[in-house]
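Listed below, chain by chain, are the residues.
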Amino acid sequence: MGIALALIVLMVLTSLLSMIMVRRTGEHFAQLSSNYMPAYGNLARANIRSLERALTLRRMVIARTVSSNDHGEFEALKKVLEEKGAAVESEIRSARALIGGLIQDRSTFGDESALVRIDSRLDSLLRDSRRHLNEEIDRLLKALEANDARAVSENLVRVDEFRDDVNRSLDAVRSDMLALLQADSAVTVDMQRQVMVVAAALTLFAAALGVLFAMLVSNGVTVPVRRLLEGTRAVEAGQLDEVIAVTTFDEIGHLTAAFNRMVEQLRLKKRILDTFGRYIDPRVVKGLIDAPTLAAEGQRRVMTVLFCDVAGFTTTSERMTPQGLVKILNQYFSTMSAPVREHEGIIDKYIGDAIMAYWGPPFNEDSEQTRLAALAAIDMLNRLARLHDSFPEIIGMRNAPISFDLRIGVATGEALVGSIGSEHMMNYTVIGDTANLAARLEGANKIYGSRILASEATAMGAADVVETREIDLVAMAGQARPERIYEIMARKGCLTSEQEELRARFLEGLEAYRERSWDAARRAFLQALAIAPEDGPSLTFIRRIDALIAAPPENDWDGSWRLEQK
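Scope of this entry: the structure provided in the associated data block. This one's a predicted model, so the numbers in the text were calculated from it and none came from an experiment.

## Topic: the overall build of the protein chain
Looking only at helices and strands, the protein chain features 16 helices and 9 strands. Burial statistics for the protein chain: of 566 residues in total, 43% are counted as buried. Sequence separation of at least 24 residues holds for 71% of the intrachain contacts in the protein chain that already meet a minimum separation of 6. For the protein chain, the computed accessible surface area is about 30400 Å², with 56% contributed by carbon and sulfur atoms.

## Here's the deal with the packing of helix α14 (residues 497-514) against helix α15 (residues 518-531)
Interhelical geometry of α14 versus α15 gives an angle of 165 degrees and a closest axis separation of 7 Å. Here α14 lies roughly antiparallel to α15, going by the angle between them. Of the two elements, α14 crosses α15, and the hand of that crossing is left-handed. Contacts from E498, E501, L502, R505, F506, E508, G509, L510, A512 and Y513 in α14 reach W518, A520, A521, A524, F525, Q527, A528 and I531 in α15.

## Considering the side chain of R503
Tracing the chain through its elements places R503 in helix α14. Polar contacts involving the side chain of R503 include one to the main-chain carbonyl oxygen of T468, which spans 3.0 Å. For R503, the residues in contact, after removing those within four places along its chain, are E467, T468, R469, M489 and L495.

## Quick look at the pattern of salt bridges
Using the criterion set out here, one finds 21 salt bridges in the structure. Here E342 ties to R383 by a salt bridge, and the two come within 2.7 Å at their closest N and O atoms. Pair noted here: E342 is in helix α9 (residues 322-342) and R383 is in the loop between α10 (369-382) and α11 (384-395), with a separation of 41 residues, a long-range link. R383 sits in the buried class, given a relative accessible area of 17%. As a salt-bridge pair, E470 and R484 come within 2.6 Å of each other at their nearest N and O atoms. With E470 in strand β7 (residues 466-475) and R484 in strand β8 (residues 483-491), this pair connects stretches of sequence that are 14 residues apart. Residue E470 is classed as buried on the basis of its relative accessible area of 14%. What makes R484 partly exposed here is its relative accessible area of 29%. One continuous salt-bridge network, built from bridges that share partners, spans D309, R407 and E442.

## A word on a negative patch on the surface
On the surface, a cluster of negative charge is made up of E75, E82, E83 and D138. Ranked by residues supplied to the negative patch, first place goes to helix α2 (residues 71-104) with 3 residues. Mapped onto the secondary structure, E75 falls in helix α2. Note on E75: relative accessible area 32%, which makes it partly exposed.

## A short note on helix α16 (residues 536-550)
The end-to-end C-alpha distance of α16 is 22 Å, a good match for the 21 Å that 15 residues give at a rise of 1.5 Å each. The complete set of buried residues in α16 reads G536, P537, S538, T540, F541, I542, R544, I545 and L548. Residues of α16 that are buried make contact with α12 (433-448), β7, β8, α14, α15 and β9 (561-562).

## So, the nonpolar core
One finds Y36, I92, I99, L122, L140, L141 and M177 to be the most contacted residues of the largest nonpolar core, which totals 41 residues. Counting residues per element, the ones that place at least two in this core are α1 (2-66), α2, α3 (112-145) and α4 (149-236). I99 has contacts with A39, L115, I118, D119, L122 and M177, leaving out every residue within four places of it along the chain.

## Digging into empty space enclosed by the protein
Any empty space left between atoms is shown by rolling a water-sized probe over those atoms. Counted by the stated rule, this structure contains 2 cavities of 30 Å³ or more. Of the voids in this model, the largest cavity is the one considered here, and its volume is about 50 Å³. Together, 10 residues line the largest cavity, and R53, A54, L133, I137 and R163 are the ones closest to its centre. Here the lining of the largest cavity gets 4 residues from one element, more than from any other, and that element is α1. Looking at side-chain class alone, the lining of the largest cavity contains 6 nonpolar, 1 polar and 3 charged residues.

## Structural notes on the packing of aromatic side chains
In total, this model carries 12 aromatic pairs according to the counting rule given. On the numbers, 6.5 Å between centres and 55 degrees between planes, the contact of Y358 with F363 is tilted. Overall, F363 belongs to the buried group, its relative accessible area being 15%. Residues Y448 and F541 carry aromatic rings whose centres are separated by 6.5 Å and whose planes lie at 40 degrees to one another, so their mutual orientation is tilted.

## Let's talk about a nonpolar patch on the surface
A grouping of L5, I8, V9, M11, V12, L13, L16 and M19 is seen on the molecular surface, where their side chains present a nonpolar patch of about 760 Å² in accessible area. Among the secondary structure elements, V12 is positioned in helix α1.

## Regarding the environment of L181
You can see L181 is positioned in helix α4. On the accessibility criterion, L181 (11% relative accessible area) is buried. Along the chain, L181 and L32 lie 149 residues apart, while their C-alpha atoms are 7.5 Å from each other.

## Focus: the environment of A87
Residue placement: A87 occurs in helix α2. Between the alpha carbons of A87 and A46 there is a distance of 7.1 Å; along the sequence they are 41 residues apart.

## What about α14?
Here α14 spans 26 Å end to end across 18 residues, near enough to the 26 Å set by a 1.5 Å rise per residue. Among the residues making up α14, those that are buried are L502, R503, R505, F506, G509, L510, A512 and Y513. Where α14 is buried, its residues contact β7, β8, α15, α16 and β9. R516 sits one or two positions beyond α14 and adopts a positive phi of about 65 degrees.

## Considerations on the side chain of Q369
With respect to the helices and strands, the residue Q369 is situated in helix α10. By relative accessible area, Q369 is classed as buried at 1%. There is a polar contact of 3.4 Å between the side chain of Q369 and the side chain of D366. Not counting the four nearest positions on each side in its chain, Q369 is found in contact with V302, M303, T304, W359, G360, P361 and T412.

Definitions and cut-offs
- Residues numbered from 1 in each chain as written.
- Predicted model: local features only at pLDDT ≥ 70, side-chain atom pairs only at ≥ 80, totals over all residues.
- Heavy atoms only, no water.
- Helix = DSSP H or I, 4+ residues; strand = E, 2+ residues; numbered from the N terminus.
- Buried < 20%, exposed > 50% of the residue type's maximum accessible area, 1.4 Å probe, protein only.
- Contact = heavy atoms within 4.5 Å.
- Areas by Shrake-Rupley, 256 points an atom, 1.4 Å probe, with all protein chains shown as cover.
- Axes fitted to C-alpha atoms, helices over the stretch in contact; angles between N-to-C directions.
- Parallel < 35°, antiparallel > 145°, perpendicular 65-115°, else oblique.
- Left-handed = near helix turned anticlockwise from the far one by under 90°.
- Polar contact = N/O pair within 3.5 Å; in protein donor to acceptor, adjacent residues only side chain to side chain.
- Salt bridge = Lys/Arg side-chain N within 4 Å of Asp/Glu carboxyl O.
- Patch = residues over 30% accessible without salt bridge, like charges linked within 9 Å, V, L, I, M, F, W, Y side chains within 5 Å.
- Lys, Arg positive; Asp, Glu negative; His and termini not counted.
- Charge placed at Lys NZ, Arg CZ, Asp CG, Glu CD.
- Expected span 1.5 Å × (residues − 1).
- Core = buried A, V, L, I, M, F, W, Y, C linked by side-chain atoms within 4.5 Å.
- 1 Å grid on protein atoms, 1.4 Å probe; cavity = no way out; pocket = protein on both sides within 12 Å on 5 of 7 lines; lining within 4 Å.
- Points joined across faces, edges and corners; volume = space filled by probe spheres on them.
- Nonpolar A, V, L, I, M, F, W, Y, C, P; charged D, E, K, R; others polar.
- Phe/Tyr/Trp six-rings, centres within 6.5 Å; stacked < 30°, edge-to-face > 60°.

Here it is in structure tokens:
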């Protein structure tokens, strides 16, 4: 606002100065047009009328000499002579009046002394020269009337002398007046040019000041705004360490201070996420911070739950020091948690050596949760060998007494999602039959000698990304209705020819088993074992067939098996 007011004041001063100079120039033009030029015109007309008067006098002389009896023509020419003489005196007096007005006007810009001299010469011309000339003309007229040729000739010579003297004086005055008019005109033109130069200079000066002020204002505004923009981009990139210096106390400064406070809040929020993200999945923490209702409102949703446990961990832990055991567990949890996070899963908790994770809204789309969970389970199993290789280096023993395997269970179905706990401590988790089924499937791996078992809903939902084989129709402990369970074998299209043959033989044996064709089922399972001698499901069914032959099932048996242990 201050800069704008300064520019306005400068503009007003420029306008006032230009107006004053233009006014003075206008006054000069007015004097030239209303005094100088009319006065010069009067002198020029007086000179012309004087010449016309001389010509008229010549005509009178000729008229009187040629036709002395034509008294009417002579009188007419005499009247014209008097009019011309009066016109000369009138023009001279008019010129003197204009010049006298300029002399009396103290604001005139012309040469006042030159005007006084011209006025004095005009006064002398009227008072002396014109008077003598008029007297001689009167004598000449009397001689003409008396027809005195000698007197006419003498008087005519004197009249010519006096007239020439008057004309010379009048020409000299007119020349001086013309010179004064030209000089004053040049002064006026110079003043006009000076007005233009001053106006242009002031305009350029104002423009330069405006540009300078604009640059100052621009720098004062754009530099802090640019710093804010760079800070915003840094925040967008996740860099929350920088603080923008507050260099002004205007609105930009207030905005910068507010931005720094915002970054501080983001930094605090990130610190909370980083800190609690070590104990709770960062997405859950962020959801709880951004939407507190997420913790308060329990909802029933279709979720996919994964349980992962270590086979043989108890025996291994008994042979290790507490420090070595902690290192092994940390490495195990870090390695097995990575596939869950990479496939957008939420790690719910660590239970001893077990991992519980889940997929589903609001963290995943319904159509993606089974695929992500199945792929995570495969990646967890694929990282087992690398995990084994890292143990000797971790505990500093070449022959580490560590030998364990993984068991993974994955189930999809309706579950209760929300914060469960007391008023003092809550846990955002998934509970219900689906979570129980995933835990039962993880345990069922011990019975079937498998590594990854999944519910039918999981297997069907992930069929386009993984290869599976049906294992059994099982009623888990605590469930009345049997459910088909599947083994996740590999990613889609990644089965070897032996694995495909194994799956085909196993399915033949499973069909024969459900039809109570015990011998056909045994042959098929034995063929499967010939392909994969350590195939746990095939071994399990061979043992089960022996038991069923010894104690055949009821007639209404549907081929299902009940697992009593959890």
